[in-house]
Amino acid sequence: MLIQRDYSQPFLGTRRRRRKNSGRGCLTQLLLLGLLAVGVFAGITQRDQIQAAALNLMGQGPTPTPNISDWLAEARRFQSSGDFVRAAAAYEIALDMRPDSVDLMVEYGLLLIDLERYDEVVALGDVAIAADGFDPRGYALKARGLVWQGDGSGAIPVALSGLNVDRQHAPLYAMLGRAYALTGNLAAGIENAEIAVDIDSQNADARRAYAYALNYAAAYDVATEQLEIAVALDPSNVSVAMELAFQYLSLNRDQEAIDVYTTVLRAQPRNARAMLRLCRAYRKVGQFNEALAQCEDAARTDPTYSAAQFQLGIILYTDRDFRRAQASFQACIDADPTNVECLYRLGLTHYYLFLQNAEGPQACPVAWDMLMQSRQMAEGRTGLDGTLESINLAVEHVARDCPGNLAAQIPMNLTPVLALTLTQEAPLLEPTPDVTPGA
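Rules of the game
- Residues numbered from 1 in each chain as written.
- Predicted model: local features only at pLDDT ≥ 70, side-chain atom pairs only at ≥ 80, totals over all residues.
- Heavy atoms only, no water.
- Core = buried A, V, L, I, M, F, W, Y, C linked by side-chain atoms within 4.5 Å.
- Buried < 20%, exposed > 50% of the residue type's maximum accessible area, 1.4 Å probe, protein only.
- Helix = DSSP H or I, 4+ residues; strand = E, 2+ residues; numbered from the N terminus.
- Contact = heavy atoms within 4.5 Å.
- Salt bridge = Lys/Arg side-chain N within 4 Å of Asp/Glu carboxyl O.
- Phe/Tyr/Trp six-rings, centres within 6.5 Å; stacked < 30°, edge-to-face > 60°.
- Lys NZ or Arg CZ within 6 Å of the ring centre and 35° of its normal.
- Axes fitted to C-alpha atoms, helices over the stretch in contact; angles between N-to-C directions.
- Parallel < 35°, antiparallel > 145°, perpendicular 65-115°, else oblique.
- Left-handed = near helix turned anticlockwise from the far one by under 90°.
- Nonpolar A, V, L, I, M, F, W, Y, C, P; charged D, E, K, R; others polar.
- Expected span 1.5 Å × (residues − 1).

Quick notes on the nonpolar core
Counting 130 residues, the largest nonpolar core has Tyr 108, Leu 111 and Phe 329 as the members making the most contacts within it. Top contributing element to this core by residue count: helix α19 (residues 340-355), with 10 residues. When sequence neighbours within four positions are dropped, the list of residues in contact with Phe 329 reads Phe 310, Gly 313, Ile 314, Tyr 317, Cys 342, Arg 345, Leu 346 and Thr 349.

Overview of unusual backbone geometry
With a phi close to 65 degrees, Ala 218 is a non-glycine residue in the positive phi region. With respect to the helices, strands and loops of the structure, Ala 218 is situated in the loop between α11 (204-216) and α12 (220-233). We note that Asn 252 has phi near 65 degrees; this positive angle belongs to a residue other than glycine.

As for the pattern of salt bridges
For the coordinates displayed, the defined rule picks out 27 salt bridges. Two residues, Arg 270 and Asp 83, come together in a salt bridge whose shortest N-O distance is 3.1 Å. With Arg 270 in the loop between α14 (254-267) and α15 (272-284) and Asp 83 in the loop between α3 (68-81) and α4 (84-97), this pair connects stretches of sequence that are 187 residues apart. For Arg 270, a relative accessible area of 33% gives the class partly exposed. The partner of Glu 256 in a salt bridge is Arg 253, with the nearest N and O atoms 2.7 Å apart. Owing to a relative accessible area of 33%, Glu 256 belongs among the partly exposed residues under this scheme. Look at Arg 253 and you get partly exposed, because its relative accessible area is 29%. Among the charged side chains, a salt-bridge network with shared partners connects Arg 144, Arg 178, Asp 205, Arg 208 and Glu 243.

Quick notes on the packing of aromatic side chains
Scanning the model with the defined rule gives 8 aromatic pairs in all. With a centroid separation of 4.7 Å and 10 degrees between ring planes, the pair formed by Phe 322 and Tyr 352 is classed as stacked. Taken together, the residues Phe 322 in helix α18 (residues 322-335) and Tyr 352 in helix α19 connect sequence positions 30 residues apart. Connected via pairs of aromatic rings, a cluster forms that spans Phe 310, Tyr 317, Phe 322, Phe 329, Tyr 351 and Tyr 352. Positioned above the aromatic ring of Phe 78 is the side chain of Arg 77, whose terminal nitrogen or guanidinium carbon lies 4.5 Å from the ring centre. Directly above the ring of Tyr 212 sits Arg 178, whose terminal nitrogen or CZ lies 4.3 Å from the centroid.

Some thoughts on the packing of α19 against helix α21 (residues 385-401)
The geometry of α19 relative to α21 is characterised by a closest axis approach of 11 Å and an angle of 25 degrees between their N-to-C directions. Taken as axis vectors, α19 and α21 run roughly parallel relative to one another. As α19 packs across α21, the resulting crossing turns out to be left-handed. Taking contact as the criterion, the partners of Val 340, Glu 341, Tyr 344, Leu 348, Tyr 351, Phe 354 and Leu 355 in α19 are, on α21, Thr 387, Ser 390, Ile 391, Ala 394, His 397, Val 398, Arg 400 and Asp 401. Grouping the constituent residues of the contact of α19 with α21 by class yields 9 nonpolar, 3 polar and 3 charged.

Comments concerning helix α8 (residues 152-165)
Relative to the 20 Å expected for 14 residues at 1.5 Å per residue, α8 spans 20 Å between its end C-alpha atoms, a close match to the ideal helical length. Those residues of α8 lying buried are Gly 152, Ala 155, Ile 156, Val 158, Ala 159, Gly 162 and Leu 163. Looking at the buried residues of α8, the elements they touch are α7 (136-149) and α9 (170-182).

Shown next, in the form of structure tokens:
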């Protein structure tokens, strides 16, 4: 049976304040003893060290002899507050204790979706299928990870294999609905999502998938109604609420989107993903101070959240606060070294600080190296033509304005561009939106 996500209060309802735990110090000591026991049992590994570092930050811990129930309680407690990173660390320890539990894999996998760790979701789906090939939930989990990666073609055969196990498993049809919509087969997408709803009309995720397919068919009003029904069916499901808020924002129902994100954050005050999306909503409506505050909160709450660091960097960069933008773009690269958008803008911060006399000539080769590295990365990827054009533009300006003979190193295939001065807007401030299914 699927272990349900325990968001203890519905985020759209009234929440009571929780009492502060006066035994923090004692429980922390007990947690450390528990972690020591796990470390002796499992050996010293890199993952254990990561888990220990995350869990040492906990304000409370499990009982003196922690078992799987204690770790699950910890995981759900952190998850209910939106502290997904520490929730994941507790789930991993629980899964170490029950590595064959499909129930636990599914619950943990849904958290990994919230953390946008889609590769791990796909891998966990494979583990679940290997553990019990007759349980359709493993197939549904893997298909979900592939869909959230944007790989509809890969998700379809996985979901179909799951249907060979159970023809009445609504989540499989829901994922098929999303997957077919991703591949452009809108008729099949809507049909399968409708089947999911027919099988289980009370399933919020089935309604959500139906809305997703309808959006691809430009039936926006009906899609919105389905998301509103989904929220009413499962008021504590933050992921569904976030999708409804994104829907509102896409339809320029901006205040309604802001209200939903704000309500989510009342329920999950440490949900960095909600903070980032509220940042974007405020930025869209021109409330830049509020946007900056929310992005700062998101980056502070989860410093490893590259999307939050990137969006914070963009806001600061647009405001010509290049020094602080530099720190955010650097944090983005530290979290995700493959992020081309962060890397080339990091190079540009060095360039602009040089032009402002805030950095010396040594900033130029640093900027140059970052731009050339980002150019090489962009050339090897699809869908980055606009980014590559921006990088080429930046390369020209660095070569033009910096001392030395950088111009001689400009690749021959760059197109000449008009001059850019600091009185003009910085080049290409707007990134490609960080939008994923369910954002």
